[in-house]
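# Coordinates in review
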Amino acid sequence: LVERELFGVRALFKLEYLNPTGSFKDRGSSVAVTHLKSARVRRVVVDSSGNAGVSLAAYASAAGIECTVYVPRTAPAGKKLQIALFGANLVEVESRAAAAVAAQSADGFYAGHLWNPFFVEGCKTLALEVFEEVGSVDAAVLPVGSGTLLLGLWRGFKLLEESGLLEAPPRLYAVLF
């Protein structure tokens, strides 16, 4: 956590871009791929326009699991390059919707972060880390795309509350990008 004053308020920033692939999605991919490896899954498929595909490709590679990532042709070139550099099979299709359809009907375990409960469990670790580092916080502001980080953070803070370690979860503010 990095502390800064922002508009006269003490703010703490969790630098998720320092994760191995530069995204909070590494939290979810790490836990999801660990589970898939323990379940002896040998091949995963996913659809992505960027960070989720890069993250899954990296962790699948580290676990020795074959990975295919379906991306829209319009996905950023840098993300496509990262996916390929991690050894995943990169398949470009016409659109984001086409990528989702292709991945869900492909041969292999569909490991999309929206449908994998272990991915959300990985995101929950963010709340646990924040609590471990600073204890209770009043509020958390976080970016939201699909909502997996928001759900994971909420679950983490609820777990702390239910365990008696936290009086009440902080207010969560979702910022859409």
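Use the structure listed above.
A word on the overall build of the chain. Summing up its helical and strand segments, the chain has six helices and eight strands in all. Traced from its N-terminal end to its C-terminal end, the chain shows the element sequence β-β-α-β-α-β-α-β-α-β-α-β-α-β. Taken over C-alpha atoms, the radius of gyration comes to 17 Å for the chain, in line with the 16 Å a tight globule of 177 residues would show. A principal-axis box enclosing the C-alpha atoms of the chain has dimensions of 45 × 35 × 25 Å. Long-range contacts, defined here as pairs at least 24 residues apart, represent 61% of the contacts in the chain between residues at least 6 apart. Taken as a whole, the chain presents about 9,700 Å² of accessible surface, with 57% of it coming from carbon and sulfur. Side chains of the chain carry 17 positive and 17 negative charges; the gap between the two charge centres is 6 Å.

Once that is clear, we can look at the side chain of Ser-29. With respect to the helices and strands, the residue Ser-29 is situated in helix 1 (residues 25-38). Among all residues touching Ser-29, those that are not within four sequence positions of it are Ser-55, Leu-56, Tyr-59 and Phe-119.

By the secondary structure assignment, Gly-135 is in the loop between helix 5 (117-134) and strand 7 (139-144). Distance in space between the C-alpha atoms of Gly-135 and Leu-1 is 12 Å, their sequence separation being 134 residues.

For the rest of this paragraph, the subject is the sheet that holds strand 3 (residues 43-47). Within the open sheet, the four strands sit side by side as 5-4-3-6. Their pairing is parallel. What marks the edges here is a single partner per strand, and that holds for strand 5 (89-93) and strand 6 (109-110). Note that strand 4 (residues 66-72) and strand 5 share five bridges and pair parallel. Residue pairing across strands places Val-71 opposite Glu-92, the latter belonging to strand 5. The strands touched by helix 3 (residues 77-85) are strand 4 and strand 5; relative to strand 4, the strand with the most contacts, the crossing angle is about 165°.

Structural remark: α-helix, 3.6 residues per turn; residues separated by three or four positions point the same way. Taking 1.5 Å per residue as the helical rise, helix 5 with its 18 residues ought to reach 26 Å, and the 27 Å between its terminal C-alpha atoms agrees with that figure. Along helix 5, the residues classified as buried are Phe-119, Val-120, Gly-122, Cys-123, Lys-124, Leu-126, Ala-127 and Val-130. The backbone nitrogen of Phe-118 has a side-chain oxygen 2.8 Å away, supplied by the residue at the start of helix 5, namely Asn-116. One or two residues past the end of helix 5 sits Gly-135, with phi positive at roughly 80°.

Attention shifts here to unusual backbone geometry. The backbone phi angle of Phe-7 is positive, close to 55°, even though this residue is not glycine. Turning to its location among the elements, Phe-7 is positioned in the loop between strand 1 (2-6) and strand 2 (9-13). In this structure, Arg-40 is a non-glycine residue whose phi angle is positive, near 65°. Along the chain, Arg-40 falls in the loop between helix 1 and strand 3. Since its relative accessible area comes to 69%, Arg-40 is described here as exposed.

Structurally, Asp-47 can be placed in strand 3. When its relative accessible area of 8% is taken as the criterion, Asp-47 is described as buried. The contacts of Asp-47, once residues within four sequence positions are left out, are Tyr-70, Arg-96, Ala-99, Ala-100, Ala-103 and Tyr-110. At 2.7 Å, the side chain of Asp-47 and the side chain of Arg-96 are in polar contact. At 2.4 Å, the side chain of Asp-47 forms a polar contact with the side chain of Tyr-110.

About the cut-offs
- Every residue gets a number counted from 1 within its own chain, in the order that chain's sequence is written.
- The predicted origin of the model limits local features to residues at a pLDDT of at least 70 and limits the giving and counting of side-chain atom pairs to 80 or more, whereas totals for whole chains, interfaces and linings rest on all residues.
- Neither water nor hydrogens contribute to the side-chain values; these are computed over all heavy atoms in the structure.
- Secondary structure elements are taken from DSSP: a helix is a run of H or I of four residues or more, a strand is a run of E of two residues or more, and numbering for both begins at the N terminus.
- Between the two quantities, the radius of gyration covers C-alpha atoms and the globule rule is 2.2 Å times the number of residues to the power 0.38.
- The criterion used for residue contact is that any of the two residues' heavy atoms lie within 4.5 Å.
- Only the protein chains shown count as cover for residues, with accessible areas throughout obtained via the Shrake-Rupley method and a probe of 1.4 Å.
- Asp and Glu count as negative and Lys and Arg as positive, but His and the ends of the chain are not part of the count.
- To locate a charge, the coordinates of NZ of Lys, CZ of Arg, CG of Asp or CD of Glu are taken.
- When DSSP finds two or more bridges between a pair of strands, those strands are recorded as paired.
- Only the stretch in contact is used when fitting a helix axis, every axis being a line fitted to C-alpha atoms; angles between N-to-C directions are given from 0 to 180 degrees.
- A helix is expected to span 1.5 Å multiplied by its residue count minus one.
- Classification of residues uses two cut-offs on accessible area relative to the type maximum, computed with a 1.4 Å probe and protein chains only: under 20% is buried, over 50% is exposed, and between them is partly exposed.
- Here a polar contact is recorded for every N or O atom pair within 3.5 Å, except that within protein the pair must consist of a potential hydrogen donor and a potential acceptor, and residues adjacent in sequence are included only if both atoms are side-chain atoms.

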